[in-house]
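Per-entry structural report
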Amino acid sequence: TRSTRPQRLLRAVQKKAIKGDPQSVISTIDYFCRHSEWAMNVGDEKGVILDSVVCEVSPSTALELGTYCGYSTVRIARLLPPGTKLITLEFNPDYAAVARQIIEYSGLQDKICLVEGASGDLIPKMQELFGIKTFDFVFLDHWKDRYLPDIKLLEECQLLRKGSILLADNVICPGTPDYLEYVRNSPRYESKYFKSHLEYTKVEDGLEKSVFLG
Ligand code: SAM
Ligand code: MG
């Protein structure tokens, strides 16, 4: 049977990136996606905004919803302070298998915990599985109709504290209108849009950064 896009992306990394060098893994994936096949990674342009938010927050606890091939996972984990682990959730076992190899290749496996399963099932288990009380930083990049129910679930499970930062990708393209409506109008959040472009294209897209006010 034919290989899948994630498998081809992994091959490119194994062939061209320097083992143990996260920046080289990131650049190799960006090059592959610009010159061979588009893929749904946050990408290099929005990636710079993601980097700056991660550095500013310098989180002790971090959660990513939607791993795919592990591009943003590596991107975030390489900037985390020593001792911080990024928990990343992915419900597609084929994507998770590729992501594990890309994470391993980058050498950041000790900073990342990839959990296979659906966000709706796993969020309520964060305390029991990892002893997490609250998350300092959450990156939302899974299916777009899950952003709103999942932040409501994070609220209900008391996994957000005053000052927790949510960063949501693709709020314009494909778009998350119900989520934007909520974080922009709820008195529990202070929210700001960072204009950019859909990964590897010139189509408008952006990230929404929302501070949980408690
Ligand atoms: N964050 C990745 C990056 O920038 O490199 C891209 C993630 S991709 C846009 C979205 C991923 O979320 C897909 O791999 C999909 O299988 C996964 N996903 C979607 N809904 C999910 C859910 N409810 N729980 C866990 N994973 C989910
Ligand atoms: Mg995205």
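Description of the structure in this document. This one's a predicted model, so the numbers in the text were calculated from it and none came from an experiment. (Residues numbered from 1 in each chain as written. Chains lettered and ligands numbered in written order. Predicted model: local features only at pLDDT ≥ 70, side-chain atom pairs only at ≥ 80, totals over all residues. Heavy atoms only, no water.)

Here helix α2 (residues 22-35) crosses helix α5 (residues 93-106) at 135 degrees, and the two axes come no closer than 8 Å. The orientation of α2 relative to α5 falls into the category oblique. Contacts from Pro-22, Val-25 and Ile-29 in α2 reach Ile-102, Tyr-105 and Ser-106 in α5. (Axes fitted to C-alpha atoms, helices over the stretch in contact; angles between N-to-C directions. Helix = DSSP H or I, 4+ residues; strand = E, 2+ residues; numbered from the N terminus. Parallel < 35°, antiparallel > 145°, perpendicular 65-115°, else oblique. Contact = heavy atoms within 4.5 Å.)

Around the magnesium ion (ligand 2), the protein contributes the donor atoms Asp-141 (OD), Asp-169 (OD) and Asn-170 (OD1), which lie 2.0 to 2.1 Å from the metal centre. The motif formed by the donor residues of the magnesium ion (ligand 2), counted along the single chain, is D-x27-D-N. For Asp-169, a relative accessible area of 0% gives the class buried. (Donors = N, O, S within 2.8 Å, 3.2 Å for Na, K, Ca; no water. Buried < 20%, exposed > 50% of the residue type's maximum accessible area, 1.4 Å probe, protein only.)

What follows is about α5. Spanning 14 residues, α5 covers 20 Å between terminal C-alpha atoms, matching the ideal 20 Å at 1.5 Å per step. When α5 is considered as a whole, its buried residues turn out to be Ala-96, Val-98, Ala-99, Ile-102, Ile-103, Tyr-105 and Ser-106. Residues of α5 that are buried make contact with α1 (5-16), α2, α4 (71-77), β2 (85-90) and β3 (112-116). N-cap assignment for α5: the residue whose side-chain oxygen lies 2.8 Å from the backbone N of Asp-94 is Asn-92. Looking one or two residues past α5, Gly-107 carries a phi angle of roughly 85 degrees, positive in sign. (Expected span 1.5 Å × (residues − 1). Polar contact = N/O pair within 3.5 Å; in protein donor to acceptor, adjacent residues only side chain to side chain.)

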